[in-house]
Structures are given as C-alpha cells and as structure tokens.
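Coordinate inspection notes
For reference, the chains in residue letters:
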Amino acid sequence: QVQLVESGGGLVQPGGSLRLSCATSGNIFRFYVMGWYRQAPGKQRELVADITSGGSTNYADSVKGRFTISRDNAKNTVYLQMNSLKPEDTAVYYCNTLPVGEYWGQGTQVTVSS
C-alpha cells in the first residue's frame, strides 16, 4: 500500500501549463507502474498517463503530445507536466498504481478557463 499526496493544480488559462506532483510513501514505490488519472464532474475516472519503474510511458489519445509523465524514484515522486491546456482538461487529477490500489489521495483540482 502506497500513500499518495497530489499537488500542483490550480486555475490556468487555455494554452497554459501546470506541473502536478504526486508524493508517495514506501520503499517499494520504485517497483510500481504509476499512473495519473482524472475525473471531471459527471464523467468516469480516466487514465491519462502511466509510467513504468523503468520509465516507459503511455498516454491517452486526448493528451498525447501535450502531457508528459515522469518519475523520480529517489524522491518517491511522480510528475505530470501539462502543456497547451484545454478547457476539456478541467478535472480533479489523482495518481495511483496500475492497476489501481484500494486507497486514493485527495487529488488536485485543475481548472482551465479564460
């Protein structure tokens, strides 16, 4: 079980950028595939991006070319660099393992609006 604390969200204009961080606990973090998920009001939670312990990445088509997931195993932290943000990116963003673990963090709100 990993404890998850997301941060870095906020209000940004379309076309802007944000960098999200996910601080995790436990020495086994480095062994997990980690993902960023998001959930907008009235919509299902979706997987945005994931990264293996070795650094291989995958992205949802909706964010491909705009978002970059990375990790720093020494800091037990996962990041999501979000560029060229669109209003459709507005959601609460969460990190978790793949497949998801039982417990979720509080998430961090990302709002893209002019």
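Going by the structure above, here's the rest.
To start, this report covers the structure provided alongside it. (Residues numbered from 1 in each chain as written. Predicted model: local features only at pLDDT ≥ 70, side-chain atom pairs only at ≥ 80, totals over all residues. Heavy atoms only, no water.)

1. A look at the side chain of Thr77
With respect to the helices and strands, the residue Thr77 is situated in strand 8 (residues 77-82). Among the polar contacts made by the side chain of Thr77, one reaches the main-chain carbonyl oxygen of Lys75 at a distance of 2.8 Å. Once residues lying within four places of it in the same chain are set aside, the contact partners of Thr77 are Ser21, Cys22, Ala23, Phe29, Ser70, Arg71 and Asp72. (Helix = DSSP H or I, 4+ residues; strand = E, 2+ residues; numbered from the N terminus. Polar contact = N/O pair within 3.5 Å; in protein donor to acceptor, adjacent residues only side chain to side chain. Contact = heavy atoms within 4.5 Å.)

2. What about the environment of Lys43?
Mapping Lys43 onto the fold places it in the loop between strand 4 (34-39) and strand 5 (46-51). Take Lys43: its relative accessible area is 55%, and that puts it in the exposed class. In this structure, the C-alpha to C-alpha distance between Lys43 and Ala91, residues 48 residues apart in sequence, is 9.5 Å. (Buried < 20%, exposed > 50% of the residue type's maximum accessible area, 1.4 Å probe, protein only.)

3. As for the sheet that holds strand 5
Strand order in the open sheet formed by six strands is 2-10-9-4-5-6, with mixed pairing between adjacent strands. Two strands lie at the open edges of the sheet, namely strand 2 (10-12) and strand 6 (57-59), each paired on one side alone. Recorded for the sheet is a direction-independent mean angle of 25° between the axes of neighbouring strands. (Pairing = 2+ DSSP bridges. Axes fitted to C-alpha atoms, helices over the stretch in contact; angles between N-to-C directions.)

4. With respect to the pattern of salt bridges
This structure, assessed with the given rule, holds four salt bridges. In this structure, Lys64 engages Asp61 in a salt bridge whose closest nitrogen and oxygen atoms are separated by 3.0 Å. In this structure Lys64 comes out as partly exposed when scored by relative accessible area, which is 48%. Residues Arg66 and Asp89 are paired through a salt bridge, measuring 2.8 Å at the closest nitrogen-oxygen approach. Of this pair, Arg66 sits in the loop between strand 6 and strand 7 (67-72) while Asp89 is found in the loop between strand 8 and strand 9 (91-97), placing the two residues 23 residues apart along the sequence. (Salt bridge = Lys/Arg side-chain N within 4 Å of Asp/Glu carboxyl O.)

5. What about the sheet that holds strand 3 (residues 18-24)?
The four strands are arranged 1-3-8-7 in an open sheet whose pairing can be described as antiparallel. Strand pairing shows two members of the sheet lacking a second neighbour, strand 1 (4-7) and strand 7, which therefore form its edges. Here the strands of the sheet are splayed against their neighbours by 15° on average, with no regard to which way each runs. The sheet contact formed by strand 3 and strand 8 spans six bridges and is antiparallel. Residue Leu20 lies in a different strand from strand 8, and its bridge partner there is Leu80.

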